[in-house]
Amino acid sequence: MNALKIWFKQQTEREQKLIVIAGIAAVIAIFYFAIWSPLNSAIENEKRELEGQKSTLTWVQQQANRAALLRQSGTAPKFNGSLTQFVNQTTRNLGISVSRMQPQGENLQIWIDEVPFNGLMTWLETVEERGIVIVSSDFSEVDTQGFVQVRRLVLGSS
């Protein structure tokens, strides 16, 4: 540190001022690029994610209300036919690749490795419209943005 002070004092007054100004500019640049900018970007990303989560929550609440109304009215459509055949046909039409299906009595358990979230929601809406009930589900996110993994989805006839 002493060597730095001696070196600084050996410079002319004009060079000393330039060194001080350059040091201040470097500190400001480091603060901006190392702290402020990443923090600001992270906040913006979190705001976008929160908005997405809010819209998903709104959709889920609307669908829950719709399902409750259908149950109360007793006008929910009844599904007749083979669940396996229905799943094969509708997933193929939407370009969804089912990795595994396993019948469980009246129900059908399904696994899908990676599927676009919006495509999955479209398919589940089709399932609901046909009177098929989602007994249980387990979804997880994957590394690809906008895609999910269906770990387990159990469908049953209403």
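Because the structure is predicted, anything quoted here is derived from the model rather than measured.

What counts, and where the lines are drawn
- Sequence order as written defines the numbering, with residues in each chain counted from 1.
- For this predicted model, a pLDDT threshold of at least 70 governs which residues receive local features, and a threshold of 80 or more governs which side-chain atom pairs are given and counted, while totals over whole chains, interfaces and linings are taken from all residues.
- Hydrogens are left out, water is left out, and the side-chain values use all remaining heavy atoms of the structure.
- In this description, a line fitted to the C-alpha atoms serves as the axis of each element, helices being fitted only across the stretch in contact, and the angle between N-to-C directions of two axes falls anywhere from 0 to 180 degrees.
- Think of it this way: any DSSP run of H or I at least four residues long counts as a helix, any run of E at least two long counts as a strand, and we number them from the N terminus.
- In a left-handed crossing the near helix is turned counterclockwise from the far helix by less than a right angle, and in a right-handed crossing that turn is clockwise.
- By the convention used here, residues are in contact when the closest approach between their heavy atoms is within 4.5 Å.
- Polar here means any residue other than Ala, Val, Leu, Ile, Met, Phe, Trp, Tyr, Cys and Pro, which are nonpolar, and Asp, Glu, Lys and Arg, which are charged; Gly is therefore polar.
- Geometric relationships in this document are graded by angle, where less than 35 degrees denotes roughly parallel, more than 145 denotes roughly antiparallel, 65 to 115 denotes roughly perpendicular, and other angles denote oblique.
- Here a salt bridge means any side-chain nitrogen of Lys or Arg lying within 4 Å of a carboxyl oxygen belonging to Asp or Glu.
- A 1.4 Å probe rolled over the protein chains alone gives each residue an accessible area, and that area as a share of the maximum for its type sets the label: buried under 20%, exposed over 50%, partly exposed in between.
- Patches here are clusters of residues that have more than 30% relative accessible area and form no salt bridge, with a 9 Å joining cutoff for like charges and a 5 Å cutoff for nonpolar side chains (Val, Leu, Ile, Met, Phe, Trp, Tyr).
- Residue burial considers only the protein chains on display, and all accessible areas are found by Shrake-Rupley using a 1.4 Å probe.
- His is not counted here, nor are the chain ends, while Lys and Arg score as positive and Asp and Glu score as negative.
- A single reference atom marks each charge: NZ on Lys, CZ on Arg, CG on Asp, CD on Glu.
- UniProt positions are given in the numbering used here, feature names are shortened, and annotations may be inferred rather than shown by experiment.
- The pairing criterion is simple: DSSP has to find at least two bridges between the two strands.

**Student:** I'd like a rundown of the packing of helix α3 (residues 83-94) against helix α4 (residues 117-129), residues and numbers included.
**Tutor:** For the pair α3 and α4, interaxial distance at closest approach is 10 Å and the crossing angle is 140°. Our pair here, α3 against α4, has a crossing hand that is right-handed. Counted together, Phe 86, Val 87, Thr 90, Thr 91 and Leu 94 of α3 and Gly 119, Thr 122, Trp 123, Thr 126 and Val 127 of α4 form the full contact between these two elements. When its residues are assigned to classes, the contact of α3 with α4 shows 5 nonpolar, 5 polar and no charged.

**Student:** Can you tell me about the packing of helix α2 (residues 13-73) against α4, naming the residues and giving the values?
**Tutor:** Relative orientation of the contacting elements α2 and α4 amounts to 5°, with a least axis distance of 13 Å. With respect to α4, the axis of α2 lies roughly parallel. On α4, the residues that touch Trp 59, Gln 63 and Arg 66 of α2 are Met 121, Glu 125, Glu 128 and Glu 129. Here the contact of α2 with α4 is composed, by residue class, of 2 nonpolar, 1 polar and 4 charged.

**Student:** Describe the pattern of salt bridges, with residues and values.
**Tutor:** Scanning all chains against the criterion turns up 5 salt bridges. For Glu 13, the salt bridge goes to Lys 17, with nearest N and O atoms at 3.7 Å. One end of the pair is Glu 13 and the other is Lys 17, both in helix α2 and 4 residues apart, which spans about a single turn. Here the two residues Glu 13 and Lys 17 agree in accessibility, since each one is exposed. Notably, a salt bridge pairs Glu 51 with Lys 54, separated by 3.9 Å at the nearest N-O pair. Of this pair, Glu 51 and Lys 54 are both found in helix α2, 3 residues apart, which corresponds to roughly one turn of the helix.

**Student:** Give a description of a negative patch on the surface that names residues and reports values.
**Tutor:** A contiguous patch of negative charge on the surface is contributed by Glu 46, Glu 49, Asp 113, Glu 114, Glu 141 and Asp 143. Put simply, the parts of the chain that give the negative patch at least two residues each are α2 and β2 (107-116). Here Asp 113 is to be found in strand β2.

**Student:** Help me get a handle on the UniProt feature "transmembrane region" (unreviewed entry) in the protein chain, residues and values and all.
**Tutor:** The sites that carry the UniProt feature "transmembrane region" (unreviewed entry) are, in the present numbering, residues 18-39. The straight-line gap between the two end C-alpha atoms of residues 18-39 is 30 Å; of that span, 100% is helix and 0% is strand.

**Student:** Give me the lowdown on the sheet that holds strand β1 (residues 100-104), citing residues and values where you can.
**Tutor:** Ordered in space as β1-β2-β4-β3, the 4 strands form an open sheet in which the pairing is antiparallel. Of all the strands in the sheet, just β1 and β3 (132-141) have a single pairing partner and so form its edges. Going from strand to strand, the sheet's axes swing by 20° on average, the running direction of each strand aside. Of the strand pairs in this sheet, β2 and strand β4 (residues 147-157) are connected by 7 bridges, and their pairing is antiparallel. Bridge pairing in β4 places Leu 108 opposite Leu 155. Packing of α3 onto the sheet brings it into contact with β1, β2, β3 and β4, and relative to β2 it is tilted by some 15°. Set on the sheet, α4 makes contact with β2, β3 and β4; between it and β4 the angle comes to about 5°.

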